[in-house]
6 protein chains.
Amino acid sequence: MPVVNIYMWEGRPIEVKKEIIKAVTKDIAEILGIDQSLVTVIVMDVPKESWGVGGIPGDELK
Amino acid sequence: MPVVNIYMWEGRPIEVKKEIIKAVTKDIAEILGIDQSLVTVIVMDVPKESWGVGGIPGDELK
Amino acid sequence: MPVVNIYMWEGRPIEVKKEIIKAVTKDIAEILGIDQSLVTVIVMDVPKESWGVGGIPGDELK
Amino acid sequence: MPVVNIYMWEGRPIEVKKEIIKAVTKDIAEILGIDQSLVTVIVMDVPKESWGVGGIPGDELK
Amino acid sequence: MPVVNIYMWEGRPIEVKKEIIKAVTKDIAEILGIDQSLVTVIVMDVPKESWGVGGIPGDELK
Amino acid sequence: MPVVNIYMWEGRPIEVKKEIIKAVTKDIAEILGIDQSLVTVIVMDVPKESWGVGGIPGDELK
């Protein structure tokens, strides 16, 4: 019954998010030997300016 | 001092979310024998297409 | 398909946690008008000394 | 490699969020004696009406 | 810079968790077209009795 | 009413965690101009082997 929360920068196309949901579900189900229907994946979009690495907000990185 | 994060599909009316906040707070306070003021509930809305069960995004289910 | 994360101080008996799981699941399913089987509740135990309110760790409160 | 999730009411200016990201990153890096680049901070904005304290939604608080 | 939190029942061998960390990191990096070093995965072990589906704690499930 | 979840490698002394709780609470309260009593900080300890950066578990880094 794993639950997966994926935090990433907003702005990715819906198709990319769905591809991630499918791949991560498949991996985890296979490795744990459980049915895919038991895996829940939730993608959380975060604005770049609300996300800091090393104290630098995403919209100011490089 | 429990903190509760509830992830659910976006699109529910505000009144429904408030009803959930009230009911969950009341239950937890009663069961733990603490004052309701110590319970925090945060509802996180997630778009259906960002939420997969069994690898199938919410907007493609059934 | 709501997913609920409940953070609370560790040390509560297992029966209390199960009571919370049952009550919160019932509440949310009823209010949303969905089947209880669609609700997942995860209780996370946190040591008091890892939990601060107003900067005061739980094991130093009152 | 600490990861910090900060949930707060939406509506704060971006500059305030960035100030928080910088201050929290600096604190944690200094206290742990690690490089700031290892600290990730994610600010999650939550609508007031989705956030309850004591069962009272944020938009109805005093 | 995605951050992934995976909640699952405790008791899995460390090697299984590491396999999941590797697979999920690889998937996400490939799909997003970013370097694997930018992906953080955190596995959270949860006791079965603290995890309910449909209100039934994990240690009582079939 | 901010709620802060800090995920970090387990093994830090309690005093270090408390120092982090105090510093982060003070920063956020000052920057938001709110009372410290409104800030909750929860530190989550994660075993190094359950934490991967770039797919490499923490206990294999370096």
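Structure: see above.
Caption draft 1: Highlighting the side chain of A:Ser50. Relative to the helices and strands, A:Ser50 is located in the loop between strand 2 (40–46) and strand 3 (51–53). With sequence-adjacent residues up to four places away left out, A:Ser50 is seen in contact with D:Lys17, D:Ile21, D:Val41, D:Ile42, D:Val43 and D:Asp45.

Caption draft 2: Highlighting the relation of the copies chain E and chain A. When chain E is brought onto chain A, the operation consists of a screw motion whose angular component is 180 degrees and whose axial shift is 0.0 Å, with 0.0 Å RMSD remaining. Taken together, the rotation and translation describe the operation of a two-fold axis. For chain E, the residue whose C-alpha comes nearest the rotation axis is E:Asn5, separated from it by 2.5 Å. When you check the interface residues of chain E against chain A, 100% turn up at the interface there too, and the contact is symmetric in its surfaces.

Caption draft 3: Fine view of the environment of F:Leu38. Residues and elements named next belong to chain F. On the secondary structure map, Leu38 appears in the loop between helix 1 (14–32) and strand 2 (40–46). Judged by its relative accessible area of 33%, Leu38 is partly exposed. Each C-alpha atom of the pair Leu38 and Met1 lies 4.7 Å from the other, and the pair is 37 residues apart in sequence. In this structure, Leu38 is in contact with Met1 and Pro2, ignoring residues within four places of it in sequence.

Caption draft 4: Molecular detail of the nonpolar core. If you look at the biggest cluster of nonpolar residues, it comprises 46 residues, and the most contacted ones within it are A:Tyr7, B:Tyr7, C:Tyr7, D:Tyr7, E:Tyr7 and F:Tyr7. Apart from residues no more than four positions distant in its own chain, D:Tyr7 is found in contact with A:Tyr7, B:Asn5, B:Tyr7, B:Ile42, B:Met44, D:Met44, D:Val46, D:Trp51, F:Pro2, F:Val3 and F:Asn5.

Caption draft 5: A look at the pattern of salt bridges. Across all of its chains, the model carries 24 salt bridges over all chains by this definition. The partner of A:Lys18 in a salt bridge is B:Asp59, with the nearest N and O atoms 3.0 Å apart. One end of the pair, A:Lys18, is in helix 1 (residues 14–32); the other, B:Asp59, is in the segment after strand 4 (56–57), on a second chain. Overall, A:Lys18 belongs to the buried group, its relative accessible area being 6%. Overall, the relative accessible area of 40% leaves B:Asp59 in the partly exposed class. Across the pair F:Glu30 and F:Lys26 runs a salt bridge, and its minimum N-O distance is 3.2 Å. Here F:Lys26 and F:Glu30 lie together in helix 1, a separation of 4 residues that amounts to about one turn. A relative accessible area of 52% places F:Glu30 in the exposed class. Classification of F:Lys26 as partly exposed rests on a relative accessible area of 43%. Through salt bridges with shared partners, a single ionic network connects A:Lys18, B:Asp59 and B:Glu60.

Criteria and thresholds
Residues numbered from 1 in each chain as written. Chains lettered and ligands numbered in written order. Predicted model: local features only at pLDDT ≥ 70, side-chain atom pairs only at ≥ 80, totals over all residues. Heavy atoms only, no water. Helix = DSSP H or I, 4+ residues; strand = E, 2+ residues; numbered from the N terminus. Contact = heavy atoms within 4.5 Å. Least-squares fit on C-alpha atoms with pLDDT ≥ 70 in both. Buried < 20%, exposed > 50% of the residue type's maximum accessible area, 1.4 Å probe, protein only. Core = buried A, V, L, I, M, F, W, Y, C linked by side-chain atoms within 4.5 Å. Salt bridge = Lys/Arg side-chain N within 4 Å of Asp/Glu carboxyl O.

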